[in-house]
Amino acid sequence: MVATARKPGQPGLAKTFDSLNPATDEPVATFAVFGEHEVGETVARAREAAAWWSALTWKERQTRLLAWKSYLTRYIMRLAEVVHAETGKPASDAQLEILLAIVHIDWAAKHARRVLSPQKVRSGLVAFNHASTVQYHPLGVVGVIGPWNYPVFTPIGSIAYALAAGNAVVFKPSEFTPATGSWLVSSFAAVVPEHPVLQLVTGFGETGSHLARSGVDKIAFTGSTRTAKKVMAACAENLTPMVAECGGKDAMLVAADADLDSAADAAVWGALSNAGQTCVGVERIYVAQSVYHTFIEKLADRVSGLRPGDDREADYGPMTMPGQLEVIEQHIADAMACGGRAVVGGLGSIRKPYVGPVILADVPETSAAVTEETFGPTMTVKPVADLAEGVRLANAGRYGLGGSVYSKNKKAAMRAARSLRTGMTSINSALTVLSVPSLPFGGVGESGFGRIHGADGLKEFSRAQSITRQRMKPMSNLTSFTRTDKDLNQIMTLVTLLHGRRYK
Ligand code: NDP
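All values reported here derive from a predicted model rather than from experimental measurement.

What counts and what doesn't
Residues numbered from 1 in each chain as written. Predicted model: local features only at pLDDT ≥ 70, side-chain atom pairs only at ≥ 80, totals over all residues. Heavy atoms only, no water. Salt bridge = Lys/Arg side-chain N within 4 Å of Asp/Glu carboxyl O. Buried < 20%, exposed > 50% of the residue type's maximum accessible area, 1.4 Å probe, protein only. Helix = DSSP H or I, 4+ residues; strand = E, 2+ residues; numbered from the N terminus. Pairing = 2+ DSSP bridges. Near = heavy atom within 4 Å. Polar contact = N/O pair within 3.5 Å; in protein donor to acceptor, adjacent residues only side chain to side chain. Areas by Shrake-Rupley, 256 points an atom, 1.4 Å probe, with all protein chains shown as cover. Contact = heavy atoms within 4.5 Å. Core = buried A, V, L, I, M, F, W, Y, C linked by side-chain atoms within 4.5 Å. Domains from an automatic or database assignment.

**Notes on the pattern of salt bridges**
Think of it this way: side chains of opposite charge can pair up when their charged atoms draw near. Scanning the model with the defined rule gives 18 salt bridges in all. Residues E97 and K89 are paired through a salt bridge, measuring 2.6 Å at the closest nitrogen-oxygen approach. We note that E97, like K89, is buried. Of the charged contacts, one joins E460 and K218 as a salt bridge, the two residues approaching to 2.6 Å between their closest N and O atoms.

**Observations concerning the pairing of strand β15 (residues 358-361)**
Side chains V358 and L360 project from β15 onto one buried face, and the interleaved I359 and A361 project onto a second face that is buried too. For strand β12 (residues 341-344) and β15, the ladder comprises 3 bridges, and the chain directions are antiparallel. Looking across to β15, one finds that A342 is bridged to L360.

**Notes on the site of the ligand**
Around the ligand lies a shell of 30 residues, among which G146, S224, T227, C246 and E373 are the nearest. Between the ligand and E175 there is a distance of 2.8 Å, counted from an oxygen atom to a side-chain nitrogen or oxygen. In the model, a nitrogen atom of the ligand is placed 3.5 Å from a nitrogen or oxygen of the G205 main chain. Compared with its free state, where it exposes 900 Å², the ligand has 91% of that area covered by protein.

**Some points on the side chain of K89**
Secondary-structure assignment places K89 in the loop between α3 (76-87) and α4 (91-116). Residues within four places of K89 in sequence aside, it is in contact with V83, H84, A94, E97, N149, Y150, P151 and N274.

**Structural notes on the nonpolar core**
Membership of the largest hydrophobic core comes to 125 residues, with the highest contact counts inside it found for W68, I285, F295 and L299. Sort the elements by how many residues they give to this core and α4 lands first, with 12 residues. Each of domain 1 (36-246 + 453-463) and domain 2 (251-435) contributes no fewer than three residues to this core. In this structure, I285 is in contact with M252, V254, A267, F295, L299, M379, T380, V381 and K382, ignoring residues within four places of it in sequence. Core analysis: the second largest hydrophobic core is formed by 21 residues, V39, A50, V170 and V216 among them.

**Considerations on the domain arrangement of the chain**
Each domain of the chain was delimited in the assignment, giving domain 1 (36-246 + 453-463), domain 2 (251-435) and domain 3 (475-504). Taking the mean C-alpha position of each, domain 2 and domain 3 sit 59 Å from one another.

**Description of the sheet that holds strand β8 (residues 218-222)**
The sheet built from 6 strands is open, its strands ordered β7-β6-β5-β8-β9-β21 with mixed pairing. Unpaired on one side and paired on the other, β7 (198-200) and β21 (448-449) mark the two borders of the sheet. Pairing of strand β6 (residues 168-172) with β7, which is carried by 3 bridges, proceeds in the parallel orientation. Note that in β7 the partner of V169 across the bridge is L198.

In structure tokens, the structure reads:
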């Protein structure tokens, strides 16, 4: 057992570390700290596995991925217990997270062939005598660096799509959730015993840094924006591409005509579930002035019966990462100092390792409680004139991950949703996008770049290759030193006819 296990930045001190139960501080399991050499060896093994895995047929890969899905479904309760022990979230919430991951593995396995196999495209005028195709090849080895808040759903969003696209994966889970990562990797090995197609490396941030520098063909990173910048700098050394899924400060917009009960219900779940430790959690709510007070009453009413704890009846668990308590405290204190008002809870809601529900109203838009990711069971609520003002305030931040709009007016809701500077928006629900496997997931601005899930997610872990095949000799060969002026004039006449028309 290593006492320093929860102090990243000190990897030199320990060759092993413990993952701890955040509610009891008891060790869950002990893991090795992978150094540069061990990470390099793992990636080398992954290269060999990738050669085997990519040479399988689509059907052979699909069968194995579906077998993995089936395994996770049958043993969902066992995995949920590991997630509960490491994150503190209720086992039922862990089950929900695993269930979503299962849906994604299923979709990726079943759609990889359609999305990635060779497709004919039109060659166009200049190359009309050629047949053109595009197809997507696996990249090779993908390094997946995951966070602790959704230690199954989040990494699987990259792992499943990378595997389905024909890559091998080396997975570095957060130091807070290595047992969950280890369980996932072992479960895959149980159904794909032939080669180490999915491998685990454990340790602190430095192990992730070794993975980013190891020469893998892509890094799929999920975590904070601050760490994403460090990982990107490490990737830059080898020009390793990266997909970055980072933090958010998602807003919910509530129009005057919205179903307020439904909006309040979704806001409370979106803000408090998983103790607010959700990248696409509802952190800010902008409500039409005319229904503002009624809405706040509904919110307060709904949270009044909710409480954190470690028992089976608790609505949500402890803060997984002790350091997060400080951030939450700072944000609440800043909101109050700027003239904000706590409608429910306040600084007294922080009772380590738990934080009770907090609803903050009238907080200036410049407060850290509005501009920074809080990652706790808190929400700010502010009145706005209409959806347009809500959109303007929602878009003012540096993040742009998800968001939600509540209105009975379909057109107005769609207009607002499209105007939000986000990667994903749900109308008349919250967080729904992530449960639709065919929809891409990702953000803009400080929320990151690149997409996981859906067809975009499969392509994210692939290399597009374009091929032209000459079908017949050209009437005139333009790309040859034997070209004549007549050849060029002929094509210029055609191009002028087709493209030279004036546009008003
Ligand atoms: P961190 O950024 O602290 O860590 C993410 C991962 O990166 C961990 O595995 C961590 O390892 C590793 N890491 C840390 N330092 C380095 C480094 N220098 N080089 C390489 N890897 C490193 O994020 P959290 O784990 O705290 O996760 C919470 C954050 O993730 C929140 O901001 C949340 O919004 C975001 N998130 C985003 C999602 C999205 O899809 N957009 C989904 C879920 C969460 P270790 O833990 O061992 O230090």
